[in-house]
Protein chains: 2
Amino acid sequence: MIRSGMNAPGLDRILFASGNRGKYVEVVDLFAPLGIEIIFGPEALRLDVEETGATYAANAWLKAKAYCLASGIAALADDSGVEVRALGWEPGIYSARVAPSDEERTDRLLGRMEGVTDRYARYVAAFALYLPSGCCIITEGVCPGELREVPVGSRGFGYDPIFAPSGYEGTFGEIPDAIKRKISHRAVAGYRLMDILSGNCVVE
Amino acid sequence: MIRSGMNAPGLDRILFASGNRGKYVEVVDLFAPLGIEIIFGPEALRLDVEETGATYAANAWLKAKAYCLASGIAALADDSGVEVRALGWEPGIYSARVAPSDEERTDRLLGRMEGVTDRYARYVAAFALYLPSGCCIITEGVCPGELREVPVGSRGFGYDPIFAPSGYEGTFGEIPDAIKRKISHRAVAGYRLMDILSGNCVVE
């Protein structure tokens, strides 16, 4: 039974279905209030799940389902990307696949944005929590902001050094983790997921 | 707050995001224990949602999200298909799109199965319930069975007259609605969804 409050009895551990340790650290921090053990996926099993989905939600669902079915443990997966208005919302779901490293991906995006004045961009994330019962809970989060001209700061990962969230001075490469974990796309999606785990979601 | 038992306080009506009245009637019957009003989508608003997903779950999610965002009301969508082992699990997610009418789709499938002795097939369904909070609950259900050589019975819709569920004599075209609504792919997916709405899902 799900009761109100920050607890989800019966769900005592979750497998994080991703090899990205930066995301794992964020997720552990984000879901700490639930008191659920989160296991780093590759330590338990390593699966190659093809991200054939057309949306973040579909890709997160594919990964979470594969890890849950293979392990028998509830599995949490994330899919996320950066969407740039001036580029017709690209690179979107391909954000992590346009080049082999964070640096190359960032450079490529800055290259496409040379001379472009409309710098509006948004980070988007979807979480999928697939339970052994066959239920899956999917939530999404958006963090609006803008792209800088050059990378600043060394915190975070992905496009963080060139992405400045709306209402803040710095990029996610500069902003302290404690703030990023409150306002980021993953934080918003995570709060929505915690709402449903803690039994507060259905009531609007 | 979600409480245990067959109730989901705060969720008093759901928009059914499909124009298929046969499915709507099934869904109303299936979710009757929840005591939630289910509104036939096209009576409230008619959206054309492109089913670009690679899975049933992704298509159901796309439809439920579109209807929820357009209406502000929780939206329930279904995507389903029949998967035939001898045909490499086709037609699958394209089941409803291979021809314009149920009769033509059924004829086409029987044509492909002429002389094929392995008749194993399964009906698969996914439900997506998208809530205004941005949470989406997705469940799936499978109903194993076999394809008959000719259509029998006039109940149901889709491939029902040629699909005989395992353990039963007749096709879904013959089997009484009361039984179909207990054992079908949509019933299994529906029970899983009701489990989460009634707060019983997380505990395995």
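What comes next concerns the included structure. Not measured: the values here are computed from a predicted model.

## Section: the side chain of Glu26(B)
Residues and elements named next belong to chain B.
So, point 1. Looking at the secondary structure, you find Glu26 in helix 1 (residues 21–30).
So, point 2. A residue is classified by how much of its surface remains accessible, and Glu26, at 4% relative accessible area, is buried.
So, point 3. Non-local contacts of Glu26, meaning those with residues more than four positions away in its chain, are made with Phe157, Lys180, Arg181, Ser184 and Arg186.

## A word on the pairing of strand 6 (residues 135–147) of chain B
So, point 1. In terms of residue burial, strand 6 of chain B counts as a mostly covered element, since 10 of its 13 residues are buried.
So, point 2. Sheet topology places strand 6 (residues 135–147) of chain A next to strand 6 of chain B; five bridges connect them, and they run antiparallel. The partner of Ile137(A) across the bridge, within strand 6 of chain B, is Ile137(B).
So, point 3. Between strand 5 (residues 120–130) of chain B and strand 6 of chain B, which follow one another and run antiparallel, lie four residues, and Gly134(B) among them has a positive phi close to 100 degrees.

## A closer look at the pairing of strand 5 (residues 120–130) of chain A
Residues and elements named next belong to chain A.
So, point 1. Counting buried positions along strand 5 yields nine of 11 residues, so the element is predominantly enclosed.
So, point 2. For strand 3 (residues 75–84) and strand 5, the ladder comprises 10 bridges, and the chain directions are antiparallel. The residue of strand 5 that forms the bridge with Asp79 is Ala126.
So, point 3. Examined bridge by bridge, strand 5 and strand 6 share 11 bridges and lie antiparallel to one another. Bridge assignment links Leu129 to a residue of strand 6, and that residue is Ile137.

## A look at the environment of Phe16(B)
Residues and elements named next belong to chain B.
So, point 1. Within the fold, Phe16 resides in strand 1 (residues 13–16).
So, point 2. The buried category is assigned to Phe16, whose relative accessible area is 0%.
So, point 3. Sequence spacing of Phe16 and Asp195 is 179 residues, and the spatial spacing of their C-alpha atoms is 19 Å.
So, point 4. Setting aside residues up to four positions removed in sequence, Phe16 forms contacts with Lys23, Tyr24, Val27, Ile38, Ile39, Phe40, Gly41, Leu76 and Asp78.

## With respect to the pattern of salt bridges
Residues and elements named next belong to chain A.
So, point 1. Applying the stated criterion across every chain, the model contains 38 salt bridges over all chains.
So, point 2. Residue Glu51 is joined to Arg97 by a salt bridge in which the shortest nitrogen-to-oxygen separation is 3.8 Å. Placement of Glu51 in the loop between helix 2 (41–44) and helix 3 (56–71) and of Arg97 in the loop between strand 4 (90–91) and helix 4 (102–112) is noted, with a sequence separation of 46 residues between them.
So, point 3. Residue Glu51 is classed as partly exposed on the basis of its relative accessible area of 26%.

## Some thoughts on the nonpolar core
So, point 1. Membership of the largest hydrophobic core comes to 48 residues, with the highest contact counts inside it found for Phe31(A), Leu76(A), Leu129(A), Phe31(B), Leu76(B), Leu129(B) and Leu193(B).
So, point 2. Among residues more than four places away in sequence, those in contact with Leu129(B) are Leu11(B), Ile14(B), Ala74(B), Ala75(B), Leu76(B), Cys135(B), Cys136(B), Ile137(B), Leu193(B) and Leu197(B).
So, point 3. Of all hydrophobic cores here, the second largest spans 44 residues; its members include Leu45(A), Trp61(A), Ala60(B) and Ala77(B).

## Side note on the side chain of Ser95(B)
All names here are of chain B.
So, point 1. Tracing the chain through its elements places Ser95 in the loop between strand 4 (90–91) and helix 4 (102–112).
So, point 2. Of the residues examined, Ser95 reaches a relative accessible area of 3% and is grouped as buried.
So, point 3. A polar contact of 2.9 Å, which involves the side chain of Ser95, links it to the backbone nitrogen of Val82.
So, point 4. Within the local environment of Ser95, its side chain forms a polar contact with the backbone oxygen of Gly92, the two atoms lying 2.6 Å apart.

## Quick word on the packing of helix 1 of chain B against helix 6 (residues 185–197) of chain B
All names here are of chain B.
So, point 1. Contact geometry of helix 1 with helix 6 gives a least axis separation of 11 Å together with a crossing angle of 40 degrees. Comparing the axis directions of helix 1 and helix 6 gives the class oblique. In this structure, helix 1 crosses over helix 6, and the sense of that crossing is right-handed. The residues of helix 6 that touch helix 1, namely those facing Lys23, Glu26, Val27 and Leu30, are Arg186, Ala187, Gly190, Tyr191 and Met194.
So, point 2. When grouped by side-chain class, the residues that make up the contact of helix 1 with helix 6 number five nonpolar, one polar and three charged.

Rules and cut-offs
- Residues numbered from 1 in each chain as written.
- Chains lettered and ligands numbered in written order.
- Predicted model: local features only at pLDDT ≥ 70, side-chain atom pairs only at ≥ 80, totals over all residues.
- Heavy atoms only, no water.
- Helix = DSSP H or I, 4+ residues; strand = E, 2+ residues; numbered from the N terminus.
- Buried < 20%, exposed > 50% of the residue type's maximum accessible area, 1.4 Å probe, protein only.
- Contact = heavy atoms within 4.5 Å.
- Pairing = 2+ DSSP bridges.
- Salt bridge = Lys/Arg side-chain N within 4 Å of Asp/Glu carboxyl O.
- Core = buried A, V, L, I, M, F, W, Y, C linked by side-chain atoms within 4.5 Å.
- Polar contact = N/O pair within 3.5 Å; in protein donor to acceptor, adjacent residues only side chain to side chain.
- Axes fitted to C-alpha atoms, helices over the stretch in contact; angles between N-to-C directions.
- Parallel < 35°, antiparallel > 145°, perpendicular 65-115°, else oblique.
- Left-handed = near helix turned anticlockwise from the far one by under 90°.
- Nonpolar A, V, L, I, M, F, W, Y, C, P; charged D, E, K, R; others polar.

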